[in-house]
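A closer look at the structure
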Amino acid sequence: MSGLLPVEEAQARLLALRAPLAPENISVSESLGRYLSQDIIALRDQPAAALSAMDGYAIRFADMPGPWTIVGEVAAGALTQRVAGAGEAIRIFTGAMLPDGADTVILQEDVTADGTKLSLTGDGPGAPGRHIRDRAGDFAHGTRLLAAGTRLTAGAIAAAIMAGAGQIAVGSRPRIAILTTGDELVPPGRPLAPGQIPNSNAPMLAAMLAAEPAQVSLPLHIGDDRMSIAKAIKELARHHDVIVTVGGASVGDHDHVRGALGDAGGRIDFWKVAMRPGKPLIAGAVDDALLLGLPGNPGSAFVAATLFLRPLVRYLAGARNPLPVIRRAPLAAPLAAGGSRRDYLRARLEAGMLRPLDSQDSGQTISLIEADALLIREIGAPARDAADIAEYIDVA
């Protein structure tokens, strides 16, 4: 536990501390951002019949170039018993069922109607089957549309409903408590005494979780008092799935989180990760709750939350792939060689190229405004030139 864990091993060990939460059934209409616990299987063909893709006339292509006799009309949602016979046309509208006998829709712009007589005045459809949405052209009954572990987007919700879903099983939303520590921290907007700073980490982390399927409690703050921190951890563990502590994770005389976790009856799984910033990161458990201890500097907390907190929330909520997506782009400027820890450098994407910010001080917040990517520099990586390909994580 005294060594520095590689990032991937630390992520794996954190997620192994607890199984994903039990699923719950909810309305598919209210499932945005949730993760499926079961596959979505289509209960119907879509469309359930051949439909017109345009406003026009349903005809038999063999009767081209006309003329035709208009013998009826069919609108979307309506049924027609009329069959398109030889030389006959049926007025049809977008989304309407194609009448039996017809195999093509001719656009209304390509014809002229005079009473019941229809004449071709434009180019016409050009081939049989034009302007028709085939039955099951979107998907067929029995098709697996969405796999378990998929995050539900607006488009996925539309497809699930079209497939016949009403209630669906999704992972439960983990209950998250944010506990900041430190005598120097003051709530946002309050007057500051000498040596004090505003507590920006708690709102930042809550904001980072706003797009995740999580229930985040109002942040709690406790000063540098080990007994009080231990009592808070013990109480929070009764009602939350994850306790996120911020600050107090290092080796200073006023860093009490590790000791307080033990006082609360918990255990540490690992401490310290081979990354910069964010090395003093704690993972453990107390009763049925997980504890994730983040460093106190805003830049360090931001990186650690990107790599560990958000993936943990997604994993507990049922995500199939909870870890950040690693992307690649060319460098906009040279990059110095790597050191003894993996660096996550705040960077900007400029015209598709990665430019690391000038300052990487983890105590600064101005870089958190400017950065939309974390540029990854591996341990011992050689220096690289502009235009060399680098890996990054999107944090926009």
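See above for the structure.
Description of the structure in this document. (Residues numbered from 1 in each chain as written. Predicted model: local features only at pLDDT ≥ 70, side-chain atom pairs only at ≥ 80, totals over all residues. Heavy atoms only, no water.)

1. Quick look at the overall build of the chain
Along the chain, the regular secondary structure elements total seven helices and 27 strands. Relative to its length of 396 residues, the chain is extended, with a C-alpha radius of gyration of 30 Å against a globular reference of 21 Å. Projecting the C-alpha coordinates of the chain onto the three principal axes gives extents of approximately 95 × 50 × 40 Å. Within the chain, the proportion of its 396 residues that are buried is 47%. (Helix = DSSP H or I, 4+ residues; strand = E, 2+ residues; numbered from the N terminus. Rg over C-alpha atoms; globule rule 2.2 N^0.38 Å. Buried < 20%, exposed > 50% of the residue type's maximum accessible area, 1.4 Å probe, protein only.)

2. A word on the packing of aromatic side chains
Across all of its chains, the model carries zero aromatic pairs by this definition. Over the aromatic face of W271 sits the side chain of R258, whose NZ or CZ is 3.5 Å from the ring centroid. The ring centre of W271 lies 4.3 Å from the NZ or CZ of K272, which sits over that ring. (Phe/Tyr/Trp six-rings, centres within 6.5 Å; stacked < 30°, edge-to-face > 60°. Lys NZ or Arg CZ within 6 Å of the ring centre and 35° of its normal.)

3. Things to note about the pattern of salt bridges
Under the definition given, this model contains 21 salt bridges. Notably, a salt bridge pairs E350 with R355, separated by 2.8 Å at the nearest N-O pair. Residue R355 is classed as partly exposed on the basis of its relative accessible area, which comes to 33%. Taken together, the salt bridges that share partners define one network made up of E9, R13, R267 and D269. (Salt bridge = Lys/Arg side-chain N within 4 Å of Asp/Glu carboxyl O.)

4. A short note on helix α3 (residues 201–208)
For α3, the set of buried residues is N201, A202, M204, L205 and M208. The arc that holds every buried residue of α3, seen down its axis, measures 160 degrees, which confines them to one face. Packing partners of the buried residues in α3 comprise β13 (175–181), β18 (242–246), β22 (289–294), α6 (298–316) and α7 (366–370). (Arc of directions from axis to C-beta. Contact = heavy atoms within 4.5 Å.)

5. Some details on the pairing of strand β25 (residues 353–356)
Of the two faces of β25, only one is covered, namely that formed by L354 and P356; the face formed by M353 and R355 stays uncovered. Examined bridge by bridge, strand β24 (residues 342–350) and β25 share four bridges and lie antiparallel to one another. Among the inter-strand pairings, A347 is bridged to a residue of β25, identified as P356. The antiparallel pairing of β24 with β25 creates a hairpin that spans two residues between the two strands, and A351 there sits at a positive phi of about 55 degrees. (Pairing = 2+ DSSP bridges.)

6. A few points about the environment of Q108
Residue placement: Q108 occurs in the loop between β7 (104–107) and β8 (111–114). Exposure remark for Q108: the relative accessible area of 33% places this residue in the partly exposed category. For the pair formed by Q108 and G266, sequence separation is 158 residues and the distance between their alpha carbons is 73 Å. Sequence-distant contacts of Q108, defined by excluding residues within four places in its chain, comprise D55, G56 and R91.

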